[in-house]
Amino acid sequence: MKIFLPSRIGFCFGVINALQLAESELDKKEGPVYSLGELIHNPLVIEQLTKRGIKVISNFFSVNKGTVITRAHGVDPSLIEEGKKRGLKVIDATCPYVTKVQKIAKLLSQQFYQIVIIGSESHPEVRAVKANVSNHKIYVLSKPAQVEDLPRSEKIGVIVQTTELLDNFQNIVKNLVKRRGEIRVFNTICEVIRQRQMEVKRLAKKVQAMIIVGGHNSSNTYQLVKLCQSLKRKTYFVERKKDLNFDELKNFETIGIAGGTSTPGEIIQDIKKILEDKLN
Ligand code: F3S
């Protein structure tokens, strides 16, 4: 069996930044350290952080002292204000790519565009973008067919969740531009995500099966799964080593392993080693 990895695996700089901020606050031992929502979407990393003492909170009801770190996907700005009012030290770990989406949404709202964000309604990043322009309705589209339901407007401004699949973004925009009027499209897909998707696409085309490693709650990891499936490649979405299905995997001669931007590179290397030892 031959196993292939893409050239880029492991954390993106946004995740590294959020983790470094959390680690350095924990090292200071100045009091309790909280994260507002899970700092990153990977249960293994969250388990490690929890062991070190970080507590995940979704509001400030029972928190009156300590440090709060926001996640890389951004948060509702009113929560940051509330934390500060309570006298907490608030560290904003929002990734610069996410901040850029929020800034463009604000700009479009000031210029009275009907704002469309392509992505997932329930994802924290989309919720945070909406919260940043709370005085302006934002329409969330996740499929090309949903363009039909969008109210008519002469001015549409389009942004996209940083972790969205490029193909889905393009297909939705294709439907939008069939409409009359002005359409401004901002490709706000994160550059790291775009490169990962390209590499995974290339890899999936040359192997018989793909293993995508990462948190089941990680949007960008799930997009890689969908990408491989769209290429009709047998795809396994695993969170931990124990999820590997050796009985099925032993039937393939070539396997690709990749992961999302919140998947530690070591887990991918470990899985490669386990497969090589066990199946070769
Ligand atoms: Fe930022 Fe892109 Fe990572 S948006 S958090 S660098 S996946």
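The coordinates are above.
Residues numbered from 1 in each chain as written. Predicted model: local features only at pLDDT ≥ 70, side-chain atom pairs only at ≥ 80, totals over all residues. Heavy atoms only, no water.

A. Representation of the pattern of salt bridges within the structure. Under the counting rule described, the total for this entry stands at 17 salt bridges. Between E25 and K28 there is a salt bridge, and its shortest N-O distance comes to 2.8 Å. Here E25 pairs with K28, and both are found in helix α1 (residues 13–28), just 3 residues apart, close to one helical turn. You can call K28 partly exposed: its relative accessible area is 40%. Note that E239 and R240 form a salt bridge whose closest N and O atoms lie 3.9 Å from each other. Classification of E239 as buried rests on a relative accessible area of 15%. Assessed through its relative accessible area of 22%, R240 is described here as partly exposed. One salt-bridge network, held together by shared partners, links E23, D27 and R52. (Salt bridge = Lys/Arg side-chain N within 4 Å of Asp/Glu carboxyl O. Helix = DSSP H or I, 4+ residues; strand = E, 2+ residues; numbered from the N terminus. Buried < 20%, exposed > 50% of the residue type's maximum accessible area, 1.4 Å probe, protein only.)

B. Main features of the sheet that holds strand β12 (residues 254–259). If you walk across this open sheet you meet the 4 strands as β1-β12-β10-β11, and the pairing is parallel. Each edge of the open sheet is held by one strand with a lone partner, namely β1 (2–4) and β11 (234–238). On average, adjacent strands in this sheet sit at an angle of 20° to one another, irrespective of strand direction. As paired strands, β1 and β12 are joined by 3 bridges and run parallel to one another. By the bridge assignment for β12, K2 is matched with T254. Contacts from helix α7 (residues 191–206) reach β1, β10 (209–213) and β12, with the element oriented near 165° to β12. Against the sheet, helix α10 (residues 265–279) contacts β1, β10, β11 and β12, and its axis sits at roughly 160° relative to β12. (Pairing = 2+ DSSP bridges. Axes fitted to C-alpha atoms, helices over the stretch in contact; angles between N-to-C directions. Contact = heavy atoms within 4.5 Å.)

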